[in-house]
Amino acid sequence: MPKDEYQSRDFRVVGTRPIRPDGIDKVTGKARYGADISAPGMLWGAILRSPHAHARIKGIDTSKARAMKGVKAVITRADFTHQPEDADMADILDNCMAGDKARYDGHAVAAVAATSKSIARAALAAIEVDYEVLPHVTDVDEAMKPSAPVVETGRQQENVPEGYSENVTGRSQYGHGDPESGFEKADLIVERSFKTAATHQGYIEPHACLATLGSDGQGDLWVCTQGHYMVRNVCAGVLGLDAGQLRVTASEIGGGFGGKTHVWMEPTALMLARKSGKPVKLVMSRDEVFRATGPTASSSVDVKIGMTKDGTITGATASYRLQAGAYPGGIAFLSAMCGFAPYDLENVRTEGFEVMTNRPKAAAYRAPGAPMGAYPVESVIDELCQKLDLDPLETRLKNAAREGTKSSYGPTYPAIGLEATLNAAKSHPHWSAPLGPNQGRGVACGFWFNFGGDTCVSLMVNPDGTVSLSEGNPDIGGSRASMTMMAAEELGVPLDQVRTIIADTASLGQNEVTDGSRVTFAVGLATIKAARHAIQIMKERAAMTWGIDPEAVDWRDGAAHPAGPNAGKFPPMTIKEIAAIASNTGGPIAGHHEVNAEGAGVSFATHMVDTEVDPETGAVKVLRYTVFQDAGKAVHPDYVEGQFQGGAAQGIGWAINEEYIYGDDGRLQNAGFLDYRIPVASDLPMIEPVILEIPNPGHPYGVRGVGETSIVPPLAAIANSVSRAAGVRLTSLPMSPPKVLAALKAE
């Protein structure tokens, strides 16, 4: 059996709950985040941003700013002389520094570097920009109309049908069977339209970086990011640098959730450093984070589902329209793939439309597109269950995807855990708990693909037998703990003998971004294989010492052993003993593994929530919340439970409170956490996590990613709960008190 396939085993370290390795540094303030690094002679950068949603830049006068004492560099788009041939890179450049026009409120148009923050701010105020204000559009449905203002011409793909504006840049389609024939077999058909608002990921740490770039093209970048290799590659592509000349180091990260998987200002910092000849630090204000970086997309969705009286889904269609912000590309195709993924359907069709608007370029938010995919589907299923007087869990079990099911987006599933999550929900005390007046219980299922991708790991056995592990993915969810545990498990050494660090881009090969729930799976796989590589070397060293063949040596409990009586009666050689003589047996001992990891294993979850609606104010209170999710194998259960709870908490905010509010002028009206309200502790119940372990056949330990799936069901589960509590179906998120009260009064 190949070693990257699941093998059942008893674990010694994996599955336990050790103290997190980064905890002390973080609670004592020792950990260094993006804004914590400084350099001798450092300058402070600042960026001038457009006050208009859409405007042609007729001219920029920077002469007054350049003449100010303490100002060492002023740049505009004219300073970015390299024009990338790749369209995506060209879009990133234009997003970092506007060219002929500003495309959204907050779009960067100029930047300065000065000896102090106050001088930098004053220099921005001295820059004069001549704008020609253009018509704008911020709503996705309005942007699709033929009469809508066009954000950029010439970007529409051939797969977009006629009748839409040029803002519609792409269309994707998935499914199988004949939904129309399925609808004919249904006893009841429900067809509804839904809307979700753009929401912020809620990370506390703003974007920050420190850049140096010499005239020789060599540079360094310290940055808070979910992927420093991505930052290196993008900055090199945008600025016309050799990737190997730019070293990027990832700081500790104060939250990301997908919002730090893009480049927003790093090329600007590098250009200021090049022009000034000094290190330059850029730190975004909270206002800038909201106005100029990517939230998740807002959506508009039409769903139609037919069902028989016994609960069988006979036909299903969905059309997803997601605004991608001011540039082409988007995540509607992911919504279209994820919406019906939990179900075994004979007739299903989905489509996704990517739509440009005068908003910041949309970014990921945990499982990008999947919450918007699940919310309308799960809502209509719940409504069908209500109207047909069916049990919502039993109905989902009846239609649930299982091993061998052809998914709605194409592939056939291997062993999956959806049915287990539904059965766990059905048998949990929460399901049978009584409800009071104005209270409702909602359930919903969710799906995420999970990814693998390029991964590189090095594991060094030090001369004293301790182990140093280097990985290339910023730790945003406990990956250092998980990698340390898997390395200790495989090597058979105590956990405290292994230390994991996040290496810079000059120290390891290419690593994909920390996203898509890929790290524990992919980096864990590479860590296990790197440990096995090191074990093979140590077995060879022991064999050399004993004078026997390496095949006659076993490794267990952190030591080399003769494989049997015929191999000789040698005492075990521990990792410490082998390391101590390494210089005499061939030199340093290190295991490496590089892989484009496949077999990530899809993930499913079922969420259950109770809410109470105040009939006088429309306010929603979340009373109880339980998460049932398949983790494959929970490497560190505390972290896994935290991921379950965190996704649910963010989903609660998305469903009830959070939204980007744009005025008629196209400007963001709530660019800060005072007016953009994320849930606080008093808004949340204790969220109960229930870990299920259906091993992923594509990982030696059965691991599946868990970070994305937990945010997929909450929108629908809460909407179903609130709709049942209020006695009226709500179809627009967030379900803020004014919306709920209006729905109650309309009834």
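The structure presented is a predicted model; accordingly, all values stated were derived computationally and were not measured. (Residues numbered from 1 in each chain as written. Predicted model: local features only at pLDDT ≥ 70, side-chain atom pairs only at ≥ 80, totals over all residues. Heavy atoms only, no water.)

Participant: Tell me about the overall build of the protein chain, and please be specific about residues and values.
Facilitator: On a plain count of helices and strands, the protein chain comes out with 21 helices and 26 strands. Here the protein chain has a C-alpha radius of gyration of 27 Å; the compact-globule value for 747 residues is 27 Å, and the two agree. A principal-axis box enclosing the C-alpha atoms of the protein chain has dimensions of 85 × 75 × 50 Å. Within the protein chain, the fraction of its 747 residues that count as buried is 61%. Put simply, of all contacts in the protein chain between residues at least 6 apart along the chain, 79% involve residues at least 24 apart. In the structure as shown, the protein chain presents an accessible area of about 27,700 Å², 49% of it carried by carbon and sulfur atoms. The protein chain carries 69 positive and 87 negative side-chain charges, and their two centres are separated by 4 Å. (Helix = DSSP H or I, 4+ residues; strand = E, 2+ residues; numbered from the N terminus. Rg over C-alpha atoms; globule rule 2.2 N^0.38 Å. Buried < 20%, exposed > 50% of the residue type's maximum accessible area, 1.4 Å probe, protein only. Contact = heavy atoms within 4.5 Å. Areas by Shrake-Rupley, 256 points an atom, 1.4 Å probe, with all protein chains shown as cover. Lys, Arg positive; Asp, Glu negative; His and termini not counted. Charge placed at Lys NZ, Arg CZ, Asp CG, Glu CD.)

Participant: Describe the side chain of glutamate 205, listing the residues and the values that go with them.
Facilitator: Its place among the elements puts glutamate 205 in the loop between β8 (188-196) and β9 (208-213). Judged by its relative accessible area of 10%, glutamate 205 is buried. A polar contact of 2.8 Å, which involves the side chain of glutamate 205, links it to the backbone nitrogen of glycine 34. Apart from residues lying up to four places away in sequence, glutamate 205 is in contact with Tyr33, Gly34, Ala35, Cys224, Ser251, Glu252, Ile253, Gly254 and Lys260. (Polar contact = N/O pair within 3.5 Å; in protein donor to acceptor, adjacent residues only side chain to side chain.)

Participant: Summarise the sheet that holds strand β17 (residues 453-461); cite the residues concerned and give the values.
Facilitator: Pairing is mixed across the open sheet formed by 4 strands, whose spatial order is β19-β18-β17-β23. Here the strands that pair on one side only, and so sit at the sheet edges, are β19 (498-502) and β23 (589-597). On average, adjacent strands in this sheet sit at an angle of 15 degrees to one another, irrespective of strand direction. Set on the sheet, helix α15 (residues 479-491) makes contact with β17, β18 (467-471) and β19; between it and β19 the angle comes to about 140 degrees. This element, helix α16 (residues 519-546), spans β17, β18 and β23 of the sheet and lies at about 145 degrees to β23. (Pairing = 2+ DSSP bridges. Axes fitted to C-alpha atoms, helices over the stretch in contact; angles between N-to-C directions.)

Participant: Summarise unusual backbone geometry; cite the residues concerned and give the values.
Facilitator: Most peptide bonds adopt trans geometry, and most residues besides glycine take a negative phi value. Following leucine 733, the chain continues into proline 734 via a peptide bond in cis, with omega recorded as 5 degrees. Note on placement: proline 734 falls in the loop between α20 (714-726) and α21 (737-746). With phi around 55 degrees, phenylalanine 257 is a residue other than glycine that occupies positive phi space. Mapping phenylalanine 257 onto the fold places it in the loop between β11 (246-250) and α8 (266-276). Exposure remark for phenylalanine 257: the relative accessible area of 28% places this residue in the partly exposed category.

Participant: With reference to specific residues and values, describe the packing of helix α19 (residues 637-656) against α20.
Facilitator: Between α19 and α20, the least distance of the axes is 8 Å, while the angle of their chain directions is 55 degrees. Viewed along their axes, α19 and α20 adopt a mutual orientation that is oblique. For the pair α19 and α20, the sense of crossing is right-handed. Taken together, the residues of α20 that come into contact with α19 (itself represented by Gly647, Ala648, Gly651, Ile652, Trp654, Ala655 and Ile656) are Pro714, Leu715 and Ile718. Of the residues belonging to the contact of α19 with α20, the class tally is 8 nonpolar, 2 polar and no charged. (Parallel < 35°, antiparallel > 145°, perpendicular 65-115°, else oblique. Left-handed = near helix turned anticlockwise from the far one by under 90°. Nonpolar A, V, L, I, M, F, W, Y, C, P; charged D, E, K, R; others polar.)

Participant: I'd like a rundown of helix α4 (residues 117-126), residues and numbers included.
Facilitator: Counting along an α-helix, one turn takes 3.6 residues, and residues three or four places apart therefore face a common direction. The set of residues buried in α4 consists of Ala120, Ala123, Leu124 and Ala126. Taken end-on, α4 shows its buried residues confined to a sector of 160 degrees, consistent with a single buried face. α4 presents Arg121 and Ala125 as exposed residues on the side facing more than 90 degrees away from its buried surface. Lining the buried residues of α4 we find β1 (43-49), β2 (55-61), α2 (63-66), β3 (71-75), β5 (108-114) and β6 (128-133). (Arc of directions from axis to C-beta.)

Participant: Lay out the packing of aromatic side chains with the relevant residues and their values.
Facilitator: Scanning all chains against the criterion turns up 19 aromatic pairs. Here phenylalanine 194 and tyrosine 375 contribute two aromatic rings whose centre-to-centre distance is 5.3 Å and whose plane-to-plane angle is 75 degrees, an arrangement assigned as edge-to-face. Note that phenylalanine 194 is positioned in strand β8 and tyrosine 375 in helix α11 (residues 370-388), a separation of 181 residues in sequence. Of the two residues, phenylalanine 194 and tyrosine 375, both sit in the buried class. Summarising the aromatic geometry, the rings of tyrosine 409 and phenylalanine 449 are spaced 5.3 Å apart at their centres and angled 80 degrees between planes, so their arrangement reads as edge-to-face. (Phe/Tyr/Trp six-rings, centres within 6.5 Å; stacked < 30°, edge-to-face > 60°.)

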